[in-house]
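Remarks on the overall topology
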Amino acid sequence: AVVSTQSGHYGRGFLDSSFCTSYRLEILQQGPVLADMLLWEPALLPLMEFLEVHGHGHHVLFWISVQAFQGHLNAVGFTSANLDDVGGDAIALYDTYLSLQVCVS
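Conventions adopted
Residues numbered from 1 in each chain as written. Predicted model: local features only at pLDDT ≥ 70, side-chain atom pairs only at ≥ 80, totals over all residues. Heavy atoms only, no water. Core = buried A, V, L, I, M, F, W, Y, C linked by side-chain atoms within 4.5 Å. Buried < 20%, exposed > 50% of the residue type's maximum accessible area, 1.4 Å probe, protein only. Helix = DSSP H or I, 4+ residues; strand = E, 2+ residues; numbered from the N terminus. Contact = heavy atoms within 4.5 Å. Expected span 1.5 Å × (residues − 1). Arc of directions from axis to C-beta. Polar contact = N/O pair within 3.5 Å; in protein donor to acceptor, adjacent residues only side chain to side chain. Patch = residues over 30% accessible without salt bridge, like charges linked within 9 Å, V, L, I, M, F, W, Y side chains within 5 Å. Areas by Shrake-Rupley, 256 points an atom, 1.4 Å probe, with all protein chains shown as cover. Salt bridge = Lys/Arg side-chain N within 4 Å of Asp/Glu carboxyl O. Axes fitted to C-alpha atoms, helices over the stretch in contact; angles between N-to-C directions. Parallel < 35°, antiparallel > 145°, perpendicular 65-115°, else oblique. Nonpolar A, V, L, I, M, F, W, Y, C, P; charged D, E, K, R; others polar.

A word on the nonpolar core
- Within the largest apolar cluster, 10 residues are counted, these being Leu28, Met37, Leu38, Trp40, Ala43, Leu44, Leu47, Met48, Leu51 and Val60.
- In terms of residues, this core owes the most to one element, helix H4 (residues 41–53), which gives five residues.
- Apart from the residues within four sequence positions on either side, Leu38 is in contact with Leu44, Leu47, Val60 and Trp63.

As for H4
- A rise of 1.5 Å per residue sets the reference length of H4, with its 13 residues, at 18 Å; its end C-alpha atoms lie 18 Å apart and thus fit the reference within 8%.
- Every buried residue of H4 is accounted for by Ala43, Leu44, Leu47, Met48 and Leu51. Seen end-on, H4 carries its buried residues on one side only, within an arc spanning 135°. Across H4 from its buried face, at more than 90 degrees, point the exposed residues Pro42, Glu49 and Val53.
- For H4, the elements touching its buried residues are helix H2 (18–29), helix H3 (34–39) and helix H5 (57–76).
- Immediately downstream of H4, the backbone of Gly55 shows phi near 80°, a positive value.

Some details on the environment of Leu73
- Counting through the fold element by element, Leu73 comes out in helix H5.
- On the basis of relative accessibility, which here comes to 25%, the residue Leu73 falls in the partly exposed class.
- Taking the C-alpha atoms as reference points, Leu73 and Asp85, 12 residues apart in sequence, are found 9.7 Å from one another.
- Filtering out sequence-adjacent residues up to four positions away, Leu73 remains in contact with Phe78 and Val86.

With respect to the side chain of Ser17
- Along the chain, Ser17 falls in the loop between helix H1 (2–15) and H2.
- Since its relative accessible area comes to 17%, Ser17 is described here as buried.
- Within the local environment of Ser17, its side chain forms a polar contact with the backbone nitrogen of Cys20, the two atoms lying 3.3 Å apart.

A short note on the side chain of Ser99
- Assignment of secondary structure puts Ser99 in the loop between helix H6 (83–98) and helix H7 (100–104).
- Polar side-chain contacts of Ser99 include one of 3.4 Å to the backbone oxygen of Asp95.

Comments concerning a nonpolar patch on the surface
- A cluster of nonpolar side chains, Phe14, Leu15 and Phe19, forms an exposed patch at the surface whose accessible area comes to about 330 Å².
- With respect to the helices and strands, Leu15 occurs in helix H1.
- Under the relative-accessibility criterion, Leu15 is labelled partly exposed at 36%.

Quick look at the packing of H5 against H6
- Relative to each other, H5 and H6 sit at 170°, their axes nearing to 11 Å. One way to sum up the angle between H5 and H6 is to call them roughly antiparallel. Of the residues in H6, those touching H5 at His58, Leu61, Phe62, Ser65, Val66, Phe69, His72, Leu73 and Val76 are Asp85, Val86, Asp89, Ala90, Leu93, Tyr97 and Leu98.
- A per-class count over the contact of H5 with H6 returns 11 nonpolar, three polar and two charged.

Take a look at the structure:
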């Protein structure tokens, strides 16, 4: 409960602060880690451009799509009331990235 309260109350302020930006830059200067690059937009954009040049941009787009779906699912919850909305998003992810037609082409 304490961690949850502190994360909700202070976490957003820290994430938006210059201290967090300075810390992230320090981490990236020590050697970028893929998880850091995927979670921080200023590092994600150059990574996407690099991967697109080498023909692998679709991997990052898949990850971004899944993260957006997970965020939406966490925000609205998975109930029968929003099953059509969440189910439609899941089907769109499947059709775009996972279906047999996509894997074959």
